[in-house]
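Report on the structure
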Amino acid sequence: MNFDDITLDQLRSAGSRKWATNPDHIGMFVAEMDLGLAEPIKKVLRDYADSPGIGYRSAAAKRALQEATAGWMAQNTAWAPQPGQIFAVPDVVSSARVVIDQLTTPNSPVILPTPAYMGFTALVPAMGRDMLEVPSKIVDGRYELDLNGIRAAFEQGAECLLLVNPANPAGRVYERYELEQLSAVVSDYPDAIVFSDDIHAPLVLDGTHIPYASVNDLAGTHTVTAIAASKGWSIPGLKCAQLVLSNPEHEARLEPYLGWAASIASTVGAAATIAAYTEGDMWRTEVIEYLRGNRDLFADAVGRWPGVWAPHIEGTYIGWLDFSDAIETGAVTTPPASWLHEKCGVVLTPGTACGSDYTNFARIILATPRPILEEAISKIDAAF
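Residues numbered from 1 in each chain as written. Predicted model: local features only at pLDDT ≥ 70, side-chain atom pairs only at ≥ 80, totals over all residues. Heavy atoms only, no water.

This next bit is on the overall build of the protein chain. A tally of helices and strands in the protein chain yields 15 helices and 14 strands. Scaling as 2.2 N^0.38, a compact globule of 384 residues should have a C-alpha radius of gyration of about 21 Å, and the protein chain matches this with 20 Å. With respect to the principal axes defined by its C-alpha atoms, the protein chain has extents near 55 × 55 × 35 Å. Looking at the protein chain residue by residue over its 384 residues, the buried ones come to 57%. Here the contacts in the protein chain between residues at least 6 apart in sequence split such that 74% fall between residues at least 24 apart. Per element, the accessible surface of the protein chain, about 15,200 Å² overall, is 51% carbon and sulfur. Taking the 27 positively charged and 46 negatively charged side chains of the protein chain as two groups, their mean positions are separated by 4 Å. (Helix = DSSP H or I, 4+ residues; strand = E, 2+ residues; numbered from the N terminus. Rg over C-alpha atoms; globule rule 2.2 N^0.38 Å. Buried < 20%, exposed > 50% of the residue type's maximum accessible area, 1.4 Å probe, protein only. Contact = heavy atoms within 4.5 Å. Areas by Shrake-Rupley, 256 points an atom, 1.4 Å probe, with all protein chains shown as cover. Lys, Arg positive; Asp, Glu negative; His and termini not counted. Charge placed at Lys NZ, Arg CZ, Asp CG, Glu CD.)

See below:
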C-alpha cells in the first residue's frame, strides 16, 4: 500500500473526531493512524458485510482471540503468556477503572508517572481518587521513571501505579533493568498493583517490547496488563482490547467484570484483532518503517524550530514537544498548542492534558501520510 496516496479530503470525509473537530485544520491530536487498513482486516470487514448477521461471539471465537493474542505476544515481545490468562474487554481505560475499583482499597490514591496518556489523567479524578503525579526525569535526553518519587507516592497510601509502556507521549520503550528496578520498589508494598498499558507494544521503533509483568515473578503477581491491536493496526473504533492476568487471585476478584466485559467486546473487533495478530505483521512491518521515516522528518524539523526540544521516539507514533525556551524568548506564547492552532492551523494536544507540570509542552501525532506531515511541518516552519 502506498501510504502517501491518502489525502486530507479522504481523511476528512471519513468523519472521525480527529478530522471532524477542526475540519479546516490539520488534526494531529488524536492517537490514531491515518494510514489505511491491513488487507486481512479489510477481508474481515467485507466478510461480515456479506454475512447474514453479526451475532454474539462463540466459545470458539473466544478461544481464537486468546490464542492469537498469546501467539503474537510470544513472537513479538519478551513474554509468552498462556491463552487462558487472556480476556477480551472493550477498551483499556474502562478496564483500568474496574481494575482500580476491584483491586485497591476504596478512595486510595493512584500513582501516575507523567507525562502520561490523557485517558489516565482524566480517569483518576473522574473516579474521585487522588492522582499522585510523579514527573519523570530527563536523563541524557530520555525520560526515565522517578523511582524515588514513585516510592514516596506509595508511602502516601497509593495502591495502584498506572504504567504506560511504550510510553505515551514520551516515546520511551522501557528497558529490562528499568522495569526490574520499578518492580523492586512496587514489591515493597504488599497491597500494591501495577496496571500496565501496553497498547503501543506493536509499534516499537527501536529495541524490543518488554512487558513489565514478565521481568520477574514478583512483577507478574502484582500486575494487570492491557494490550490491543487498536494502535498497531489502526482499529480503535472496533472496541476490542485484551487483559492479561498473570495472578490467579486477580482473575478471581475480577471475575464478575470479566464475564460482562467479554459479552460487550465487539464481535467484529475480536475477529479483526485475530486477523491483525495472525496475518497482519507484513503490513505492520511496512507501517513501522514508514513511521521511522516520519520520525526522522519530524526530528529534522524540530532542529529548525528555535527553542524547541523533543525526545527521540523509541516507540509509538507520538512526538512530545518542549517549547520552554521558545516561550522564554517570546518566540512562542503559552500554551503552545493554542499558538500553533491560531498561527498555522495545526491542532496538537495541550501538554497540560498529559500532566500538570507541562504547560509549555504539546503532543503531536506523526502517523499520517508523509505529504500531510510535510504540510504541517511547513506551516509550523512558517509560523516560526
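Having seen the model, we can carry on.
Spacing of three or four residues puts side chains on the same side of an α-helix, whose turn is 3.6 residues. Considered for burial, the residues of helix α8 (residues 176-186) that qualify are Glu178, Leu179, Leu182, Ser183, Val185 and Val186. Taken end-on, α8 shows its buried residues confined to a sector of 160°, consistent with a single buried face. Taken together, the buried residues of α8 touch β6 (142-144), α7 (147-155), β7 (160-164), β8 (193-197) and α9 (217-221). (Arc of directions from axis to C-beta.)

A word on the UniProt feature "domain: Aminotransferase class I/classII large" (unreviewed entry) in the protein chain. Under the present numbering, the feature "domain: Aminotransferase class I/classII large" (unreviewed entry) in UniProt falls on residues 58-380. The span residues 58-380 carries 45% helix and 17% strand; its end-to-end C-alpha distance comes to 50 Å. (UniProt positions renumbered as here; feature names shortened; annotations may be inferred.)

All told, the structure shown has 16 salt bridges when counted by the stated rule. In this structure, Asp34 engages Lys18 in a salt bridge whose closest nitrogen and oxygen atoms are separated by 3.0 Å. Within this pair, whereas Asp34 is found in the loop between β1 (26-27) and α3 (39-49), its partner Lys18 is found in helix α2 (residues 17-20), the two being separated by 16 residues in sequence. Exposure remark for Lys18: the relative accessible area of 1% places this residue in the buried category. The closest approach of N and O atoms between Arg295 and Asp206, which form a salt bridge, is 3.1 Å. Here Arg295, found in helix α12 (residues 281-304), pairs with Asp206, found in the loop between β8 and α9; they are 89 residues apart in sequence, far enough to count as distant. (Salt bridge = Lys/Arg side-chain N within 4 Å of Asp/Glu carboxyl O.)

It is worth spelling out the sheet that holds β7 at this point. Ordered by their spatial adjacency, 7 strands build an open sheet running β2-β10-β9-β8-β7-β3-β4, and the pairing between neighbours is mixed. Each end of this open sheet is capped by a strand with a single partner; those strands are β2 (86-89) and β4 (131-135). Along the sheet, successive strands turn relative to each other by an average axial angle of 25°, direction set aside. Direction of pairing for strand β3 (residues 110-114) relative to β7: parallel, over a ladder of 2 bridges. Among the inter-strand pairings, Val110 is bridged to a residue of β7, identified as Cys160. Where helix α5 (residues 92-103) meets the sheet, it contacts β2, β3, β7, β8, β9 (223-228) and β10 (241-245), and its direction lies at approximately 175° from that of β8. (Pairing = 2+ DSSP bridges. Axes fitted to C-alpha atoms, helices over the stretch in contact; angles between N-to-C directions.)

The space that makes up the largest pocket amounts to roughly 590 Å³. In terms of lining, the largest pocket is formed by 29 residues, of which the most central are Arg17, Ala31, Tyr117, Lys231 and Pro236. Within the residue set of the lining of the largest pocket, elements represented by two or more residues are α2 and α5. Classifying every residue of the lining of the largest pocket gives 15 nonpolar, 6 polar and 8 charged. Here the second largest pocket is characterised by a volume of approximately 280 Å³. Ranked by residues supplied to the lining of the second largest pocket, first place goes to helix α1 (residues 8-14) with 3 residues. When its residues are assigned to classes, the lining of the second largest pocket shows 8 nonpolar, 4 polar and 2 charged. (1 Å grid on protein atoms, 1.4 Å probe; cavity = no way out; pocket = protein on both sides within 12 Å on 5 of 7 lines; lining within 4 Å. Points joined across faces, edges and corners; volume = space filled by probe spheres on them. Nonpolar A, V, L, I, M, F, W, Y, C, P; charged D, E, K, R; others polar.)

Within soluble globular proteins, side chains that are nonpolar tend to cluster in buried spots. Core analysis: the biggest nonpolar cluster contains 66 residues, and Trp233, Leu291, Phe298, Trp305, Tyr317, Leu321 and Leu348 have the highest contact counts within it. The greatest single-element share of this core, amounting to 8 residues, is contributed by α12. If sequence neighbours within four positions are ignored, Trp305 has contacts with Phe298, Leu321, Ile377, Ile380, Asp381 and Phe384. Core analysis: the second largest hydrophobic core is formed by 31 residues, Val89, Leu123, Ile199 and Val224 among them. (Core = buried A, V, L, I, M, F, W, Y, C linked by side-chain atoms within 4.5 Å.)

This brings us to the pairing of β2. Residues of β2 alternate between two faces, with Ile86 and Ala88 on one and Phe87 and Val89 on the opposite face, all of them buried. In terms of strand pairing, β2 meets β10 through 4 bridges, oriented antiparallel. Across the sheet, the residue bridging to Ile86 is Val244, located in β10.

Looking now at the environment of Glu249. Structurally, Glu249 is set in helix α10 (residues 248-264). Exposure remark for Glu249: the relative accessible area of 47% places this residue in the partly exposed category.

To continue, consider empty space enclosed by the protein. Summed over all chains, the structure comprises 1 cavity of 30 Å³ or more. As a volume, the largest cavity reaches approximately 100 Å³. If you trace the largest cavity, you find 14 residues lining it, with Pro113, Pro115, Val164, Ala167 and Tyr174 closest to the centre. Elements supplying a minimum of two residues to the lining of the largest cavity: β3 and β7.

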